[in-house]
Amino acid sequence: MSHNVTTVIGLEVHVQLKTQTKLFCGCSTQFGAPPNTNVCAVCLGLPGALPVINEYALDLAVRAGLGLDCSIPPMTKWDRKQYFYPDLPKGYQISQFDLPICADGYIDIEEDDSADVVRIGIVRAHLEEDAGKSMHDEAAGRGDTRIDLNRCGTPLLEIVSQPDMRTSSQAKAYLHELKLRMLHLGVSDCEMQEGSLRVDANVNLHIDVDGRLIATPIVEVKNLNSFRAVERAIEYEVDRQFDDWEETGKTIKEEPKTTRGWDDAVGKTFLQREKEESADYRYFPDPDLLPVRLSKERVEAIRATLGEMPAQTKTRLVSQYNIKPYDSAVIVDAGRSMIEFYETAAEIAGDGKRTSSWIQQDVMRYLNEHGCEIDAFPIGASSLGNLVKRVSDGAIDNGRARDVLAHMLDSGDDIDAAVKTLGIESVDNSEIEDLCRELLSENPQIVEDFKAGKQQAVGSLIGQAKKRNRNANPQVVRKTLIQLIEAM
């Protein structure tokens, strides 16, 4: 590109709230139920059925908003958003237009290749009910479309960012932090494959032409089912929009906003329709639902339950347990349960660094191999902490401790039973000291070499110690050898 081009990105993220029932009725929000079984007169939009607000959804929305540093207005209301689509039974969606439940927040992000903090503004976060799902069956050329209304009425929080992102990597970092906060707060499970976190990306370009700023038409890209797809779609749109501008010269003033789908298989967007504006939806207050007043006391009571935000936890773990920022990020990114597991184990072990290493190398490998979360790990945090403590104390070396862990995972035995079964005997300090004195007396040249500055000389004696006593901890042996030589 010969011109100075700035990419302008704003994201709209739909987060499904973690409720047991829908936003305006008592139907289950369970994922995977047979089609059209979690439905009733309210979510089917049958005549005479009246909505009743799910108060827990209100509290979750406030919780999410506070976690995004939004303001919570004292009053919010419900509006009808009119549009006709096969999976929208009422012909309108209950949403929020001019008085959203959360507004004016922000998320601070750091890009992977930079330590600079970028603040991404959040315009609003509003509650709305989900629509159904159209399932297209193109087998044998039939082209059938069937409607599953199980999802109708499921509570969504739509989080709308300011167009503050300038690169696809910033968009990915924003989504990562947003998802992390929603999981941390218990607001949503954020399972993209189940549709509980959905992303639409608004993209256009600002092109500097001889000092004159030209903006290309805005495109909203849908069907983004992974953070990687968001990155790829934005990068594709940047090139496509610039090529289109060079060919047609069309600007934001001459062409309306359009919606494009994303085909992940071919890596391209495709035109769907011209995007409706707010006037096209003919918003008006829902006559069946009263406005909601949120007292300051209710909001502050929810704020008091938030606890640390993920960024605060990362900083605290670094200072409290003396681990690297990268290790802290790995633990925090794995979720609140992993943070609790790590802290419990680290406190018992008395060694934050070693505990972090064991969790990343051994615990997380097990979780990845078995496709489970830390809550399903067969060994409790206290047991892992005790095992790591024995390594730190020199009672068991790292290699034998990993044998113990493997046996515990296979058999369900506790540490003592595993140690006994594997024939690992603890070696007391006097026994190690006697062994080291014996080795030093047999190898006077190694003593001289060490005193001459060759500290690696004791390495060969550690191997000999292991041959004579397989339960001798190499770290304890090295420490004892050095102490004895220095005392000579």
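Here the structure is shown first, and the text comes after it.
Everything numeric in this text was worked out from a predicted model, so none of it was measured.

About the cut-offs
- Residues numbered from 1 in each chain as written.
- Predicted model: local features only at pLDDT ≥ 70, side-chain atom pairs only at ≥ 80, totals over all residues.
- Heavy atoms only, no water.
- Core = buried A, V, L, I, M, F, W, Y, C linked by side-chain atoms within 4.5 Å.
- Buried < 20%, exposed > 50% of the residue type's maximum accessible area, 1.4 Å probe, protein only.
- Axes fitted to C-alpha atoms, helices over the stretch in contact; angles between N-to-C directions.
- Helix = DSSP H or I, 4+ residues; strand = E, 2+ residues; numbered from the N terminus.
- Parallel < 35°, antiparallel > 145°, perpendicular 65-115°, else oblique.
- Left-handed = near helix turned anticlockwise from the far one by under 90°.
- Contact = heavy atoms within 4.5 Å.
- Nonpolar A, V, L, I, M, F, W, Y, C, P; charged D, E, K, R; others polar.
- Phe/Tyr/Trp six-rings, centres within 6.5 Å; stacked < 30°, edge-to-face > 60°.
- Lys NZ or Arg CZ within 6 Å of the ring centre and 35° of its normal.
- Salt bridge = Lys/Arg side-chain N within 4 Å of Asp/Glu carboxyl O.

1. Some details on the nonpolar core
Phase 1: Counting 68 residues, the largest nonpolar core has Leu 11, Trp 78, Ile 101, Leu 157, Ile 159, Tyr 174 and Met 182 as its most contacted members.
Phase 2: In terms of nonpolar packing, the next biggest core, distinct from the first, is built from 38 residues, Ile 339, Trp 358, Leu 387 and Ile 424 among them.

2. Digging into the packing of helix H5 (residues 310–321) against helix H6 (residues 325–333)
Phase 1: Contact geometry of H5 with H6 gives a least axis separation of 9 Å together with a crossing angle of 135°. Put simply, H5 runs oblique to H6. For the pair H5 and H6, the crossing hand works out as right-handed. Residue-level contacts link Pro 310, Thr 313, Lys 314, Leu 317 and Val 318 of H5 to Pro 325, Ser 328, Ala 329, Ile 331, Val 332 and Asp 333 of H6.
Phase 2: Partitioning the contact of H5 with H6 into residue classes produces seven nonpolar, two polar and two charged.

3. What to know about the packing of aromatic side chains
Phase 1: Throughout the structure, instances matching the rule amount to nine aromatic pairs.
Phase 2: Consider the rings of Tyr 83 and Tyr 281, whose centres lie 5.9 Å apart with planes at 70°: the pair is edge-to-face. Here Tyr 83 is found in the loop between strand S3 (79–82) and strand S4 (92–95), whereas its partner Tyr 281 is found in the loop between strand S14 (268–274) and strand S15 (284–285), with 198 residues between them in sequence.
Phase 3: Looking at Tyr 83, the relative accessible area reads 24%, which means it is partly exposed.
Phase 4: With relative accessibility at 9%, the residue Tyr 281 sits in the buried group.
Phase 5: Each member of the aromatic cluster is reached from another via a ring pair, and the members are Tyr 83, Phe 97, Tyr 281 and Tyr 283.
Phase 6: Between Arg 119 and the ring centre of Tyr 106, over which it is positioned, the NZ or CZ distance is 3.7 Å.
Phase 7: Over the face of the ring belonging to Trp 358 we find Arg 402, whose NZ or CZ atom lies 4.5 Å from the ring centre.

4. Structural notes on the pattern of salt bridges
Phase 1: Within this structure, the stated rule accounts for 29 salt bridges.
Phase 2: We note a salt bridge from Glu 343 to Arg 316, for which the minimum N-O separation is 2.8 Å. Here Glu 343 is found in helix H7 (residues 336–349), whereas its partner Arg 316 is found in helix H5, with 27 residues between them in sequence.
Phase 3: A relative accessible area of 18% means that Glu 343 is categorised as buried.
Phase 4: Residue class for Arg 316 comes out partly exposed when judged on its relative accessible area of 22%.
Phase 5: When salt bridges with common partners are traced through the structure, they connect Glu 55, Asp 59 and Arg 298 into a single cluster.

5. What to know about the packing of H6 against helix H8 (residues 352–370)
Phase 1: Contact geometry for H6 and H8: axes closest at 10 Å, N-to-C directions at 45°. In terms of axis orientation, H6 runs oblique to H8. You can see that H6 and H8 cross each other, and the crossing is left-handed. Two secondary-structure elements touch here, H6 through Tyr 326, Asp 327, Val 330 and Ile 331 and H8 through Ser 356, Gln 360 and Met 364.

Worth remembering: the numbers are spatial, not functional.
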